[in-house]
Amino acid sequence: SLSDRLGGVFDKLRGRGALTEADVRAAMREVRIALLEADVALPVVREFVDKATEKAVGSDVLRSITPGQMVVKIVSDTLTETLGADTSELIIDVTPPAVIMMVGLQGSGKTTTTAKLAKRLKERERKKVLMASLDVNRPAAQEQLAVLGTQVDVATLPIVAGQSPVEIARRAMQAAKLQGFDVLMLDTAGRLHVDQALMDEMKAVADVANPAEILLVVDSLTGQDAVNVASSFTQQVPLTGVVLTRMDGDARGGAALSMRAVTGQPIKFAGTGEKLDAIEPFHPARVAQRILGMGDVVSLVERAAESIQQEDADKLAKRMAQGKFDLNDLRAQLAQMQRMGGLGMLAGMIPGLKKAQGQMAAAGVNDKTLVHLDALIGSMTPKERERPEILNAKRKIRVAKGAGLQVQDVNRLLKMHKDMETAMKKLKKMGGLKGLAKMFT
Ligand code: GDP
Ligand code: MG
């Protein structure tokens with residue numbers, strides 16, 4: 001999944017406090033591959049990645065504390081945006097009859113979807129619906145719709161042999177007007193492939209029926225090919241929306257992303273099975289989450305954050321192994337201890353610090369005093385942090401006041417730092433962390 005891929009990227013980003021443009025681009029390369037694997041069309045992927053990159057680079061993500069989370073959020077937001085912001089209703093509040101015309105390739109699910117939507121409109125909106133099949137190519141296509149009409153208890157236009165699609169459309173309009181139907185659903189013929197004769201037929205029918213909705217029905221399982229179909233239809237008929245069928249199958253979500261981008265129209269419904277109530281309004285955010293595998297993203301972000309902290313710890317350990325340990329280092333370490341769950345976590349975090357932990361515990365340092373220590377170091381000047389020995393009585397009073405504490409608290413901090421520094425120096429004499437490790441293995 002995309003989150004797995006991004007996990008790999010974030011592992012590579014270990015230890016960096018902020019994401020650079022190169023980092024964002026590396027992450028986006030993975031997003032790109034994941035989208036292609038989810039069957040999103042190449043031009044759509046390109047545009048999507050460009051959009052997300054533009055948003056990520058130079059935005060607050062670079063200064064964010066959890067840059068990984070920001071990238072994931074930007075990708076997720078852009079995905080939702082690309083899929084359409086919200087669910088879209090059918091437009092049927094026009095002078096009746098509101099005509100809904102279904103178009104698409106053969107076998108995409110037009111006839112089934114016609115019956116599903118008719119059932120919905122009848123049951124949920126209390127609309128009086130008439131269905132008509134304009135499919136004169138496939139044998140028994142008109143009978144198929146009549147059978148479905150009986151099943152969902154929706155009227156179908158009586159079949160008259162020998163009429164052209166445009167003639168049937170005219171007859172259907174007339175019947176709908178005369179008999180007071182609110183909605184007329186026109187189920188058209190498909191082809192195996194897009195061809196000009198089909199397009200001309202669609203246009204002629206649309207001219208006669210002046211539909212409020214022209215819905216393109218697309219099989220979500222057709223993946224990349226769905227894009228070619230969608231762009232052909234978009235160029236020739238004024239689509240108002242898309243229905244994605246077979247979303248119950250193992251479609252990888254990519255068709256959805258492509259459809260919205262290619263047609264410029266919202267995906268209004270998703271077909272989720274062969275049964276006649278297996279249709280749902282399309283929820284862009286849910287599909288975005290499915291493509292991203294958002295469930296995993298949270299833990300992924302946590303893992304990324306942890307690895308960055310581990311890198312900080314390694315850096316600190318290195319400095320200490322060189323015998324360097326000023327109050328800045330102490331402060332960084334205190335912050336780490338708080339992040340990592342307090343004193344108890346310290347020993348496991350930095351090898352060789354078990355002893356210092358013992359000393360701190362002996363000195364009465366507990367998790368609550370960590371906050372005090374941080375406040376004390378915070379009210380020092382940079383020079384004082386680097387060279388604590390310059391802290392005379394006057395400076396100590398100032399520092400204590402700044403932290404809302406006592407001079408004795410400053411002294412305790414300095415004592416603790418001294419002890420740890422001594423421990424570091426001893427450690428260095430023993431050959432640093434490597435030497436220590438040798439002693440214990
Ligand atoms: P048409 O040629 O575009 O009119 O397609 P049909 O409506 O005849 O559907 C073709 C086949 O796809 C039928 O067997 C339908 O039951 C099936 N079908 C349609 N929509 C869905 C769907 O959302 N999920 C599943 N699993 N099957 C569907
Ligand atoms: Mg059909």
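Residues numbered from 1 in each chain as written. Chains lettered and ligands numbered in written order. Predicted model: local features only at pLDDT ≥ 70, side-chain atom pairs only at ≥ 80, totals over all residues.

1. Notes on the overall build of the protein chain
Next up, step 1: A tally of helices and strands in the protein chain yields 20 helices and eight strands.
Next up, step 2: Considering the protein chain as a whole, with its 441 residues, one finds that 42% of them fall into the buried category.
Next up, step 3: Taking the contacts inside the protein chain whose residues are at least 6 apart along the sequence as the reference set, 75% of them involve residues at least 24 apart. (Helix = DSSP H or I, 4+ residues; strand = E, 2+ residues; numbered from the N terminus. Buried ≥ 20, exposed ≤ 12 C-beta atoms within 10 Å, placed from the backbone. Contact = placed C-beta atoms within 7 Å.)

2. Section: helix α9 (residues 224-236)
Next up, step 1: Those residues of α9 lying buried are Ala226, Val227, Val229, Ala230 and Phe233. Around the axis of α9, the buried residues are gathered within 165 degrees of arc, so they sit on the same side.
Next up, step 2: Check the buried side of α9 and you find it contacts β1 (98-103), β5 (213-219) and α10 (254-263). (Arc of directions from axis to C-beta.)

3. A word on the nonpolar core
Next up, step 1: In this structure, Leu184, Leu186 and Leu244 are the most contacted members of the largest nonpolar core, which totals 86 residues.
Next up, step 2: Both of domain 1 (2-85) and domain 2 (98-282) provide at least three residues apiece to this core.
Next up, step 3: When neighbours within four sequence positions are excluded, Leu184 is seen to be in contact with Pro97, Val99, Leu130, Ala132, Ala172, Met173 and Ala176.
Next up, step 4: By size, the runner-up hydrophobic cluster in this structure holds 14 residues, among which are Phe325, Leu327, Met380 and Val399. (Core = buried A, V, L, I, M, F, W, Y, C linked by C-beta atoms within 7 Å. Domains from an automatic or database assignment.)

4. What about the site of ligand 1?
Next up, step 1: Every one of the 17 residues lining ligand 1 counts as a neighbour, but Gly109, Lys110, Thr111, Thr112 and Gly271 are closest to it.
Next up, step 2: Its residues placed into classes, the shell around ligand 1 shows one nonpolar, twelve polar and four charged. (Near = placed C-beta within 6 Å. Nonpolar A, V, L, I, M, F, W, Y, C, P; charged D, E, K, R; others polar.)

5. Description of the UniProt feature "domain: SRP54-type proteins GTP-binding" (unreviewed entry) in the protein chain
Next up, step 1: The positions that UniProt labels "domain: SRP54-type proteins GTP-binding" (unreviewed entry) are, in the present scheme, residues 266-279.
Next up, step 2: The distance separating the terminal C-alpha atoms of residues 266-279 is 16 Å; by composition the span is 0% helix and 43% strand. (UniProt positions renumbered as here; feature names shortened; annotations may be inferred.)

6. A short note on the sheet that holds strand β4 (residues 183-187)
Next up, step 1: Judged by pairing direction, the sheet is mixed, and its eight strands sit side by side in the order β3-β2-β4-β1-β5-β6-β7-β8 without closing on themselves. The sheet terminates laterally at β3 (155-156) and β8 (279-281), the two strands that pair on one side only.
Next up, step 2: Summarising the sheet, β1 and β4 pair through five bridges and their orientation is parallel. Bridge assignment links Val99 to a residue of β4, and that residue is Leu184.
Next up, step 3: Contacts from helix α5 (residues 110-125) reach β1, β2 (129-133), β4, β5, β6 (241-245), β7 (267-271) and β8 within the one sheet, and its direction differs from that of β4 by about 170 degrees.
Next up, step 4: Against the sheet, α10 contacts β5, β6 and β7, and its axis sits at roughly 165 degrees relative to β6. (Pairing = 2+ DSSP bridges. Axes fitted to C-alpha atoms, helices over the stretch in contact; angles between N-to-C directions.)

7. Re the packing of α9 against α10
Next up, step 1: Here α9 crosses α10 at 20 degrees, and the two axes come no closer than 9 Å. Taken together, α9 and α10 sit at an angle that is classed as roughly parallel. As α9 packs across α10, the resulting crossing turns out to be right-handed. Where α9 abuts α10, its residues Ala226, Val227, Ala230, Ser231 and Thr234 lie against Ala255, Ser258, Met259, Val262 and Thr263.
Next up, step 2: For the contact of α9 with α10, the per-class residue count stands at six nonpolar, four polar and no charged. (Parallel < 35°, antiparallel > 145°, perpendicular 65-115°, else oblique. Left-handed = near helix turned anticlockwise from the far one by under 90°.)

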